[in-house]
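Chain by chain, the residues run as shown.
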Amino acid sequence: MASGVTVSDEVIKVFNDMKVRKSSSSEDVKKRKKAVLFCLSDDKKKIIVEEDKQILVGDIGESVHDPYASFVKLLPLNDCRYGLYDATYETKESKKEDLVFIFWAPENAPLKSKMIYASSKDAIKKKFTGIKHEWQVNGLDDIQDRSTLAEKLGGNVVVSLEGRPL
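This is a predicted model, so every value here is computed, not measured. (Residues numbered from 1 in each chain as written. Predicted model: local features only at pLDDT ≥ 70, side-chain atom pairs only at ≥ 80, totals over all residues. Heavy atoms only, no water.)

A. How the structure looks around the pairing of strand 3 (residues 46–56). Sheet analysis places strand 1 (residues 6–7) next to strand 3, joined by 2 bridges and oriented parallel. Following the sheet pairing, Thr-6 is matched in strand 3 by Lys-46. Here strand 2 (residues 33–40) runs beside strand 3; their pairing, made up of 6 bridges, is antiparallel. Within strand 3, the position partnered with Ala-35 by the bridge is Ile-55. (Pairing = 2+ DSSP bridges. Helix = DSSP H or I, 4+ residues; strand = E, 2+ residues; numbered from the N terminus.)

B. Broad picture of the nonpolar core. Phe-38, Ile-47 and Ile-124 are the most contacted members of the largest nonpolar core, which has 24 residues in total. When residues of this core are traced back to their parent elements, those giving at least two are helix 1 (9–19), strand 2, strand 3, strand 4 (81–91), strand 5 (95–104) and helix 4 (111–127). In this structure, Leu-37, Tyr-68, Leu-74 and Leu-149 belong to the second largest nonpolar core, which totals 23 residues. (Core = buried A, V, L, I, M, F, W, Y, C linked by side-chain atoms within 4.5 Å. Buried < 20%, exposed > 50% of the residue type's maximum accessible area, 1.4 Å probe, protein only.)

C. Highlighting the pairing of strand 4. In terms of burial, strand 4 is a largely internal element, 9 of the 11 residues being buried. Relative to strand 4, strand 2 runs antiparallel, the two being bridged by 4 bridges. Bridge pairing in strand 4 links Ala-35 to Tyr-85. Judged from the 10 bridges that link them, strand 4 and strand 5 form a sheet pairing that is antiparallel. By the bridge assignment, Gly-83 is partnered in strand 5 with Ile-102. The hairpin turn running from strand 4 into strand 5, its antiparallel successor, is 3 residues long. As defined by bridge partners, strand 4 adjoins strand 7 (residues 158–161) across 3 bridges and the pair is classed as antiparallel. Looking at strand 7, one finds that Glu-90 is bridged to Ser-160.

Next comes the structure, spelled out in structure tokens:
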């Protein structure tokens, strides 16, 4: 069931910027988003980029030591969100980077919020062409352990995530 919710142009721009890894100056790379959250606008008609809920590549090593743990801390405990996380991981063969679309719907989010986010998920997913990994998460227990994300990315062939062995 579609909710009639639309996706703001800024959300699409953020996705395209994260998806395209063109060679750029080190300053541009630092401004690239490692992770970002999206929420519904106050009138519940648009999916927008949530202000101040992002991690930039340039933050890693400066104000952010563990990007994955920092991303988990951005998630609200009592409401739903959509997120994009640019996962860097290694398999036994190679280093990889993949975008992961996350639908965060914690158990204690209001039922109305869960319903509108669930029914609007297709609107945002349609705009995110080429996403290989989608993950619905229903609580901190599901997301705190980085091995759960590693499993989504490649099962037992993933040996490290964000430079940390599993």
